[in-house]
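# Structural features, examined
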Amino acid sequence: MTLRHALASLLLLGAMPSLAAGRVPYGGELRVAHTGPAEPGEPALADSPTEATVLGLLSRPPCHLTPNGHLSPALARELSRPAAQVVRLGLPSAAQAAALVRAWARLTGSEAPSPYRALLFPLRGEGRQLSATGDTLELALAFPWPDLERALCHPALAPPRSVPAALGPFSATGANTVEARLAWNQGRPYVDRLRLMPTDERGLSRLWSTQEAQVVLGVLADSGTASGTALYATYLAWSPRRVPPDFRQAVESALDREDLTRLFVRGPAVPMPHLLPPALLPQAAGPRPSPPPAQAGRKVTLLYDAGSEDQRAVAERLQVRLHDRGYAVALERLPRAELRARWARGDYELMLHSLLLPPVPGPALAVVLDAAGRKDLLGVELPRIGALPDAAARDARVRERALALAPSVPLLPLYAQGLALRAAPEVGGLVFDAQGLPVLDGAWLQPTVPGVPGARR
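Below you will find a few notes about this structure.

Criteria and cut-off values
Residues numbered from 1 in each chain as written. Predicted model: local features only at pLDDT ≥ 70, side-chain atom pairs only at ≥ 80, totals over all residues. Heavy atoms only, no water. Helix = DSSP H or I, 4+ residues; strand = E, 2+ residues; numbered from the N terminus. Areas by Shrake-Rupley, 256 points an atom, 1.4 Å probe, with all protein chains shown as cover. Buried < 20%, exposed > 50% of the residue type's maximum accessible area, 1.4 Å probe, protein only. Polar contact = N/O pair within 3.5 Å; in protein donor to acceptor, adjacent residues only side chain to side chain. Contact = heavy atoms within 4.5 Å. Core = buried A, V, L, I, M, F, W, Y, C linked by side-chain atoms within 4.5 Å. Arc of directions from axis to C-beta. Pairing = 2+ DSSP bridges. Axes fitted to C-alpha atoms, helices over the stretch in contact; angles between N-to-C directions. Phe/Tyr/Trp six-rings, centres within 6.5 Å; stacked < 30°, edge-to-face > 60°. Salt bridge = Lys/Arg side-chain N within 4 Å of Asp/Glu carboxyl O.

Further remarks concern the overall build of the chain. If you tally the helices and strands in the chain, you get 13 helices and 21 strands. In the structure as shown, the chain presents an accessible area of about 18,600 Å², 53% of it carried by carbon and sulfur atoms.

Mapped onto the secondary structure, Arg 340 falls in helix α10 (residues 336-345). Judged by relative accessible area, which is 6%, Arg 340 ranks as buried. Side chain to side chain, Arg 340 and Asp 47 meet in a polar contact 2.6 Å long. Dropping the residues within four chain positions of it, Arg 340 is found in contact with Ala 44, Leu 45, Asp 47, Pro 115, Tyr 116, His 353, Ser 354 and Leu 355.

Okay, the nonpolar core next. Residues Leu 89, Trp 104, Leu 139 and Leu 152 are the most contacted members of the largest nonpolar core, which totals 77 residues. In this structure Leu 89 touches Pro 62, Ala 76, Glu 78, Leu 79, Leu 100, Trp 104, Asp 135, Thr 136, Leu 137, Leu 139 and Leu 152, once residues within four positions along its chain are discounted. Judged by nonpolar contacts, the second largest core, of 29 residues, contains Ala 180, Val 215, Leu 217 and Val 427.

So, on to α10. Buried within α10 are the following residues: Arg 336, Leu 339, Arg 340, Arg 342 and Trp 343. Taken around the axis of α10, the buried residues stretch over an arc of 160 degrees, which confines them to a single face. Summarising the contacts, the buried residues of α10 are in contact with α3 (49-55), β13 (232-238), β15 (298-305), β16 (327-334), β17 (350-356) and α11 (361-371).

In this section: the sheet that holds strand β7 (residues 136-140). Taken together, four strands build an open sheet; the order of strands is β4-β5-β7-β6 and the sheet is antiparallel. Edge positions in the sheet fall to β4 (78-83) and β6 (132-133), since each of these pairs with one other strand and no more. Pairing of β6 with β7, which is carried by two bridges, proceeds in the antiparallel orientation. Counterpart to Thr 133 in the pairing with β7 is Thr 136. Across the face of the sheet, helix α4 (residues 94-108) comes into contact with β5 (86-90), β6 and β7 while running at roughly 40 degrees to β7.

Read across the open sheet, the seven strands follow the order β8-β9-β10-β1-β11-β19-β12; overall the sheet is mixed. Of all strands in the sheet, those with a lone pairing partner are β8 (170-174) and β12 (226-227), marking the two edges. Summarising the sheet, strand β11 (residues 215-217) and strand β19 (residues 420-423) pair through three bridges and their orientation is antiparallel. Across the sheet, Val 215 pairs through a bridge with Ala 423, a residue of β19. Those strands touched by helix α6 (residues 201-209) are β1 (29-35), β10 (193-199), β11 and β19, and its axis lies near 150 degrees from that of β1.

Structurally, Asp 395 is set in helix α13 (residues 391-405). Spatially, the C-alpha atoms of Asp 395 and Leu 281 are 9.3 Å apart, while their sequence positions differ by 114 residues.

Looking at the element boundaries, Val 32 is found in strand β1. A residue is classified by how much of its surface remains accessible, and Val 32, at 1% relative accessible area, is buried. With 165 residues separating them along the chain, Val 32 and Met 197 place their C-alpha atoms 5.9 Å apart. Setting aside chain neighbours within four positions, we find Val 32 in contact with Leu 194, Arg 195, Leu 196, Met 197, Val 215 and Leu 217.

Scanning the entire structure with this criterion turns up five aromatic pairs. Centroid distance Tyr 26 to Tyr 190: 5.0 Å. Interplanar angle 50 degrees. Geometry classified as tilted. Taken together, the positions of Tyr 26 in the loop between α2 (17-20) and β1 and Tyr 190 in the loop between β9 (177-180) and β10 put the pair 164 residues apart, joining distant regions of the chain. Tyr 190 gets classed as buried once you look at its relative accessible area, which sits at 3%. On the numbers, 6.3 Å between centres and 80 degrees between planes, the contact of Phe 143 with Trp 145 is edge-to-face. Across the pair, exposure class does not vary: Phe 143 and Trp 145 are buried alike. Taken together through their ring pairs, the aromatic side chains of Phe 121, Phe 143 and Trp 145 make up a single cluster.

A word on the pattern of salt bridges. Taken as a whole and judged by the stated rule, the model has 33 salt bridges. Salt-bridge contacts for Asp 441 lead to Arg 60; the nearest nitrogen and oxygen are separated by 3.0 Å. Residue Asp 441 is found in the loop between β20 (427-428) and β21 (444-445), and its partner Arg 60 is found in the loop between α3 and β2 (63-65); the two are separated by 381 residues along the sequence. Across the pair, Arg 60 and Asp 441 agree in class, each one buried. For Arg 345, the salt bridge is made with Asp 347, and the minimal N-O distance between the two is 3.6 Å.

These figures come from the coordinates and say nothing about function on their own.
Structure (structure tokens):
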């Protein structure tokens, strides 16, 4: 029995007697409405929780991590450690192994660099020298890193859906329609197909109220929604070469994270006073510093993601708050690909940076440090963290270093978000994974009662 089937079986224990005594039903079409683009881009850019969920229907990373920390293969058919410094990935085919190598090379190369490349930093050559032997990848470590397997479960490490060798629990069969892949190695999904309904926030409410959608991913005006772990973290980054040294003090003195999160960020969100989200670093915020002397005439440009309404609202709020500290802030909205390209070149003054952090403190800190432009710290911090064999000791070390390093990196944490989800009563089996994403291939529909339209057993 696969892990997904086991989770669904546990959920059935509280179901109606007619279902509790039988098997989870297969079949039917599940209608899922979501905000965001109709077709998410490549994994390293489709990193909002909604986009990562939709992309994950068609393309998965090598493994899957449950909330209790259990690791199981996903794209990979084998995930093992034949030696202390080697992790072996066995893929379903040589084509998929080669596709994974190409996808990871894009992260670490100059074509489309990404802060998620830090997940591969512990590999020898930082993952740039990988090659497949048939359907197998041998990942040689440059230093001990016990958290590598869990880091490989991040959605950004999946092959792009445009690659024929990409593989997930569903396959695309038409515009916004995916059908269950019967040979999926984790067990075929319960429903036969998903009908995806991309829309905006108003459309989401309409589709839910008219019962056209059975699952909605995004914010609804009413209550009753569930949410995954808040790991989609947003930071304010700045260039130390282009922004005055007292900028951190100015923005910290002007910033109220509670106010920012409550009034300007939609959906399930929490203030983030430290480099890692509260789910990974549960610490209280310290006192706000006093503002530096205001000096008029300091003009800066703040870049933000054109596809994020939350970033737009937060950027406008920061524009107002920084005006009181002597900064005239111009706002510029950019597509996410261009935003990341500007980040990689260091071509910005201020930038809002949103990242889907892994649910493991060590890899999460690696991504944050790289996003802050401090890749130099990875070679110092990660070997010391990885040298600790005990997971609890490693996590404690990461939290300690995150607090110590925060004042020295040009990155100010703002808030962390989770994915809001609401499901109709007839939908069962929905759970969130450790990444805070819903496992849609585990959802099932209660069968109808014969002769009673709309009734469910």
